[in-house]
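Each chain, letter by letter, is given below.
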Amino acid sequence: MNRELRGAPVAASIRDACLARVAALADRGVTPRLAIVSVGDDPGSRWYRAAAARRLEGCGCEADVVALDADVTQGALERLVADLSADPAVHGILVLRPLPAHIDEAAVAALVAPAKDVDGMAPASVAGLAAGDPAAFAPCTAAAVMRLLDHYGFECRGAAATVVGRSSTVGRPVSQLLLARDATVTVCHSRTADLAAACRTADLVVTCQGRPRSVTADMVARGAWVVDVGTSEDEDGSMAGDVDWGPVSAKADAATPVPGGVGSVTTAVLAEHTVTAAERAAARGRSASPYRDDPVVSQLFDRRSVRAFTDDPVGPELREAVLEAACQAPTAGNQQLYSIVQVDDLEARARLAVLCDDQPFIARAPWVLVFLADCRIWPALYAEAGVEGFRAPGVGDLMLAVSDAVICAQNAVVAAHALGLGSCYIGDVMERKEEVSELLGLPPHVFPAAMLVLGFPTAQQAARPKPGRAPLAAKVMEDRYRTLEGDRLRSLVADRVGAKGFDEWVRAFCARKHDSAFSREMTRSVAAYLDGFDRTGEASV
């Protein structure tokens, strides 16, 4: 074996990074706090809660253990978890499993707030992980496998990976994380016909069966990597993994020992998730500031994009209230350099959905608004008043009108949220200039600055956690602009990269957004709109 994949160096690296982040939170009066809920006296749970508490404290966090008797009622446990979810002083919740047989685990998991679900237990976290949502916390053990592979340099992209075990805490989530990293994943289980054959073709074997020495050397390809997540008590009372360590380690290129492998990384990832949850809460403004509880400020922190709506229509009185609030927006010189188009025609909505990068939810939304930067309004007024030789609309007028239109749209977002409506901002309306202009009847000097789709959010969308925002220190600059570098630059996306790691996440984001076909089309389309505007300030009508 070339390498023994020990967990201690990985855990130390995570700890050091957490300590720096915890110090930054301390400057804001925040200490990450995890609530560990333990039911009964299961030996494994007792050991893990002690190890987790030590790890949290070693990373500068607080860990509160709530130990309940094995005969606790379903109702009492649910009330406790609901209270912890509602407690702003608690940033993370870990409910240790297994729970006693009389407890409905799914009902308990559903009460863990997704924003605090640091072990990926809640249904929203499970769904988010499957959907590739970077804000969703993966179960700590599954995430620990990925951190260990990253630390030692395993290249997931294009690799053949076999996961032995399909538990909801390790097997399934680690397979999803590997898929997200472009590995080709085979999931095996107790009904797999030829487990050995499935393992022998793999570049990476991750085993989490809990069956001592069940993965033998004849099942592993020479040069493969083997990650052993299984832990069991051996016949002599010692801890054993799923892997027959001696023979397998001699054949594999790299393998994790048991103990000494994934376990220490798991508690480090738990601490990291807790720190991330605290950072997200701080970014949402859940601090000691007395201003955070103001209802308007609170709505700005709580509002998130909604892309799935109920079938309920948005009635005329509700529409009027939102539109009136939108038009109270700040505006340059009180000019209101915008117009708003309500797109109620179903065929027009369907066409917009296609033109805006093929997003079907636009067509299904109950209410669609397009906010136009309208540089025709005041020239028309000047002409109406008989003014002669006035300046033609220029690119400066367009930028001012875009600001007016976007601020108006934001007012609509805030008003809609206050009245129970969800919304989603669509920038793709700037694409396909020729077709969008024809569809909406846009004359020269009118530019579609923003589009909103609105409606009543589904229960799933209403419960979806809001993605975190970059720390203020990376966004607010004193007196003059400064170029961000190093850790401060990376902090812009630290909350988003998840298991992918910084480099891979940023490369994927660049390909998906910045270098995408729709971004190139948007640039072409906006340039075509600009062609109609004066760039000298000297042209006259």
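Just so we're clear, the structure is a prediction, and the values are computed from it rather than from any experiment.

Within the largest apolar cluster, 60 residues are counted, with the highest numbers of intra-cluster contacts made by Leu149, Leu178, Leu204 and Leu270. With 10 residues, helix 10 (residues 262–283) is the single largest residue contributor to this core. Those residues in contact with Leu270 that sit more than four places away from it in its chain are Leu34, Tyr48, Ala52, Leu56, Leu94, Val118 and Cys140. If you look at the next biggest cluster of nonpolar residues, it comprises 55 residues, including Val368, Cys375, Ala409 and Val436.

Okay, unusual backbone geometry next. The omega torsion across Arg97 and Pro98 is 10°, close enough to zero to call that bond cis. The residue Asn334 is not glycine, and still its phi comes out positive at about 55°. Inspection of the secondary structure assignment puts Asn334 in the loop between helix 12 (316–326) and strand 12 (338–342). Look at Arg432: it is not a glycine, yet its phi comes out positive at around 55°. When you line up the elements, Arg432 lands in the loop between strand 14 (422–426) and helix 17 (433–440). The class for Arg432 is partly exposed, based on a relative accessible area of 26%.

Looking now at the sheet that holds strand 15 (residues 446–455). Read across the open sheet, the 4 strands follow the order 12-13-15-14; overall the sheet is antiparallel. Edge strands, defined here as strands with exactly one partner in the open sheet, are strand 12 and strand 14. Across this sheet, the average inter-strand angle for adjacent strands is 25°, counted without regard to direction. Sheet topology places strand 13 (residues 367–374) next to strand 15; 8 bridges connect them, and they run antiparallel. Paired with Val368 across the strands is Val453, a residue of strand 15.

Pairing within the open sheet is parallel, and its 3 strands lie in the order 3-2-4. Among the strands making up the open sheet, the edge pair consists of strand 3 (62–68) and strand 4 (92–95). Across the sheet, the mean angle separating the axes of adjacent strands is 20° when strand polarity is ignored. Looking at chain direction, strand 2 (residues 33–39) and strand 4 are connected through 4 bridges and run parallel. Following the sheet pairing, Val37 is matched in strand 4 by Val95.

Basis of the calculations
- Residues numbered from 1 in each chain as written.
- Predicted model: local features only at pLDDT ≥ 70, side-chain atom pairs only at ≥ 80, totals over all residues.
- Heavy atoms only, no water.
- Core = buried A, V, L, I, M, F, W, Y, C linked by side-chain atoms within 4.5 Å.
- Buried < 20%, exposed > 50% of the residue type's maximum accessible area, 1.4 Å probe, protein only.
- Helix = DSSP H or I, 4+ residues; strand = E, 2+ residues; numbered from the N terminus.
- Contact = heavy atoms within 4.5 Å.
- Pairing = 2+ DSSP bridges.
- Axes fitted to C-alpha atoms, helices over the stretch in contact; angles between N-to-C directions.

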